[in-house]
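# Observations on the model geometry
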Amino acid sequence: MTLQNLLKIGRLKPHAPTAEEIRRLLAAAERNLADARAEIISDETRFDAAYKAIMQLALVAMMATGYRPSTNEPGHHQTMIQSLPLTLGLPNTTWVVLDALRRKRNVSDYQGDPIESEAVSECIAQATALLATTRRWLAENHPDYL
């Protein structure tokens, strides 16, 4: 699957981002990651904050390549995560982990399952790594957005 194919089937829309838009999303991801590290709040809230940072960073990568997810149908979180190898060049093993975190978030949000501390740690670690990768990728490919 390519980004062009995802566009053709309606999973993506064309988008021309501004530098300000990218900077705001990066700052929001950093704030969410800082919140995720605050041990005085619940594991569920920390997990949600780290997951939100991952989604914001996936959106940055997608927007910087000229697209945004179509939110008319369910599944846009999955599309953004599975597009990371196409946008940032992440290895498939990484998006598989991120997708597992997405599924864990869904089960927690929609079925009330608790979030284990190990999952919180993994989500924070993945968000931290994705932030570094996204910043490096932007510096190399789209420095005007930084």
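Residues numbered from 1 in each chain as written. Predicted model: local features only at pLDDT ≥ 70, side-chain atom pairs only at ≥ 80, totals over all residues. Heavy atoms only, no water.

To continue, consider the pattern of salt bridges. The final tally for this structure, using the stated rule, is six salt bridges. Arg102 is paired through a salt bridge with Asp99; the nearest N and O atoms lie 2.7 Å apart. Of this pair, Arg102 and Asp99 are both found in helix α6 (residues 92-111), three residues apart, which corresponds to roughly one turn of the helix. The burial state of Arg102 is the same as that of Asp99; both residues are buried. Each member of the salt-bridge network shares a partner with another, and the members are Asp99, Arg102 and Arg103. (Salt bridge = Lys/Arg side-chain N within 4 Å of Asp/Glu carboxyl O. Helix = DSSP H or I, 4+ residues; strand = E, 2+ residues; numbered from the N terminus. Buried < 20%, exposed > 50% of the residue type's maximum accessible area, 1.4 Å probe, protein only.)

This paragraph deals with the layout of surface pockets. Estimates place the volume of the largest pocket at around 170 Å³. If you list the elements that add at least two residues to the lining of the largest pocket, you get α3 (43-64), β2 (67-69) and α4 (76-82). The element contributing the most residues to the lining of the largest pocket is α3, with six residues. Each residue belonging to the lining of the largest pocket can be placed in one class, and the counts come to five nonpolar, four polar and four charged. (1 Å grid on protein atoms, 1.4 Å probe; cavity = no way out; pocket = protein on both sides within 12 Å on 5 of 7 lines; lining within 4 Å. Points joined across faces, edges and corners; volume = space filled by probe spheres on them. Nonpolar A, V, L, I, M, F, W, Y, C, P; charged D, E, K, R; others polar.)

In terms of nonpolar packing, the biggest core is built from 45 residues, with Phe47, Leu84 and Leu138 touching the most fellow members. For this core, the secondary-structure elements that each account for two or more residues are α1 (3-8), α2 (19-36), α3, α4, α6 and α7 (117-141). Among the elements that line this core, the one with the most residues is α3, at 15 residues. (Core = buried A, V, L, I, M, F, W, Y, C linked by side-chain atoms within 4.5 Å.)

Right, let's get into the environment of Leu138. Mapped onto the secondary structure, Leu138 falls in helix α7. The buried category is assigned to Leu138, whose relative accessible area is 0%. In this structure, the C-alpha to C-alpha distance between Leu138 and Ala64, residues 74 residues apart in sequence, is 8.1 Å. For Leu138, the contacting residues outside a window of four places in its chain are Ile22, Leu26, Val60, Ala64, Pro143, Tyr145 and Leu146. (Contact = heavy atoms within 4.5 Å.)

Attention shifts here to α7. Taking 1.5 Å of rise per residue, 25 residues should cover 36 Å, and α7 covers 36 Å from first to last C-alpha, within 8% of that figure. Of the residues making up α7, those classed as buried are Ala119, Val120, Cys123, Ile124, Gln126, Ala127, Leu130, Leu131, Thr133, Thr134, Trp137 and Leu138. Next to the buried residues of α7 lie α2, α3, α5 (84-87) and α6. (Expected span 1.5 Å × (residues − 1).)

What follows covers the environment of His15. Along the chain, His15 turns up in the loop between β1 (12-14) and α2. When the C-alpha positions of His15 and Glu44 are compared, they lie 32 Å apart, and in sequence the two are 29 residues distant. Those residues in contact with His15 that sit more than four places away from it in its chain are Glu21, Met63, Gly66, Tyr67 and Arg68. Here the side chain of His15 touches Glu21 through a polar contact of 3.0 Å, side chain to side chain. (Polar contact = N/O pair within 3.5 Å; in protein donor to acceptor, adjacent residues only side chain to side chain.)

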